[in-house]
Amino acid sequence: LAQVWPRLAEDWRRKQLEYTWQRAMTGWHAPFDQVTADALDWVLASLNLSDPALRARLLALYDELPAFAEVPGVLAQLQKAGHRLAILSNGSPRMLQRATRAAGLTPWIERSLSVDAVRKFKTAPEAYQLGPDRFGVAAKDMLFVSSNGWDVCGAAWFGYQTFWVNRPNAPLEELGVTPNGIGRSLNDLLTYIGKGETT
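Residues numbered from 1 in each chain as written. Predicted model: local features only at pLDDT ≥ 70, side-chain atom pairs only at ≥ 80, totals over all residues. Heavy atoms only, no water.

**A few points about the nonpolar core**
Within the largest apolar cluster, 15 residues are counted, with the highest numbers of intra-cluster contacts made by Leu75, Leu78, Leu85, Leu105, Leu186 and Leu189. Among the elements of the structure, helix H4 (71–80), strand S4 (161–165) and helix H9 (186–194) are those that each provide at least two residues to this core. Each residue touching Leu186, except ones within four places of it in the same chain, is listed here: Glu70, Val71, Val74, Val145, Val165 and Arg167. Of all hydrophobic cores here, the second largest spans 10 residues; its members include Leu88, Leu113, Leu130 and Phe135. (Core = buried A, V, L, I, M, F, W, Y, C linked by side-chain atoms within 4.5 Å. Buried < 20%, exposed > 50% of the residue type's maximum accessible area, 1.4 Å probe, protein only. Helix = DSSP H or I, 4+ residues; strand = E, 2+ residues; numbered from the N terminus. Contact = heavy atoms within 4.5 Å.)

Below, the structure written as structure tokens:
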């Protein structure tokens, strides 16, 4: 597995995203845990791997992913400063609950918003509309933070202020969008907000 893991991981994420975009465009929605499993099955087949125990273990990892080291401290500071924090995710409610708990982030997250509520994956406008609908605040007055460049673009097109956590120092997406702020970690988000760039 060690020899094929880099390809497996890369292809799994790519296929997972492709399936969400295809389903968003066509209206053939399915819960994200199913999409994730379908993507994994495709990759395992492409690598000629047939191991039910391996499949189960890889899917279970989604319930165990740790947060980056700085994340809990940054969320605690943001909450203390009066910012309301929420997750807006393609993940199903069950996945979000388990992942948030496993990462130790539950104390600082006011709401976890799943696109299951609208049956449309990001970057569909209906998915981004969940934020304004749940908080009663216009998108232009909210800050959308993501480590995914494509997600930042979708949120910016919708009308959010955006901050891109660009950990790998990747180039900007060629989609005509420049985030309001960019950093290499969530610590840089604190600096950005501290400069008064956003409320």
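**Here we look at the packing of helix H1 (residues 5–26) against helix H2 (residues 32–46)**
Across the interface, H1 lies against H2 with an axial gap of 8 Å and an inter-helix angle of 135°. Looking at the two axes, H1 sits oblique to H2. Here the hand of the crossing between H1 and H2 comes out right-handed. Residues Arg7, Leu8, Asp11, Trp12, Arg14, Lys15, Gln16, Tyr19, Thr20 and Arg23 of H1 pack against Phe32, Gln34, Val35, Thr36, Asp38, Ala39, Leu40, Trp42, Val43, Leu44 and Ser46 of H2. Within the contact of H1 with H2, the residues separate by chemical class into 10 nonpolar, 5 polar and 6 charged. (Axes fitted to C-alpha atoms, helices over the stretch in contact; angles between N-to-C directions. Parallel < 35°, antiparallel > 145°, perpendicular 65-115°, else oblique. Left-handed = near helix turned anticlockwise from the far one by under 90°. Nonpolar A, V, L, I, M, F, W, Y, C, P; charged D, E, K, R; others polar.)

**Examining the environment of Ala53**
Considering the arrangement of structural elements, one finds Ala53 in helix H3 (residues 52–60). You can call Ala53 exposed: its relative accessible area is 56%. With 10 residues separating them in the primary sequence, Ala53 and Val43 have C-alpha atoms 15 Å apart.

**A few points about the packing of aromatic side chains**
All chains considered together, the criterion is met by 9 aromatic pairs. Consider the rings of Tyr128 and Phe144, whose centres lie 5.7 Å apart with planes at 75°: the pair is edge-to-face. Taken together, the positions of Tyr128 in helix H6 (residues 125–128) and Phe144 in strand S3 (residues 143–146) put the pair 16 residues apart, joining distant regions of the chain. Comparing Tyr128 with Phe144 shows no difference in burial state: the two are buried. Where Tyr128 meets Tyr160, the ring centres are 6.4 Å apart and the plane angle is 70°; that geometry is what we call edge-to-face. Placement of Tyr128 in helix H6 and of Tyr160 in the loop between helix H8 (149–158) and S4 is noted, with a sequence separation of 32 residues between them. The exposure classification of Tyr128 matches that of Tyr160, with both residues buried. Directly above the ring of Trp42 sits Lys15, whose terminal nitrogen or CZ lies 4.1 Å from the centroid. Positioned above the aromatic ring of Phe68 is the side chain of Arg167, whose terminal nitrogen or guanidinium carbon lies 3.7 Å from the ring centre. (Phe/Tyr/Trp six-rings, centres within 6.5 Å; stacked < 30°, edge-to-face > 60°. Lys NZ or Arg CZ within 6 Å of the ring centre and 35° of its normal.)

**Observations regarding the side chain of Ser92**
Relative to the helices and strands, Ser92 is located in the loop between strand S1 (86–89) and helix H5 (93–102). For Ser92, a relative accessible area of 4% translates into the label buried. The contacts of Ser92, once residues within four sequence positions are left out, are Phe32, Asp33, Ser114 and Asp116.

Keep in mind these numbers describe shape, not what the thing actually does.
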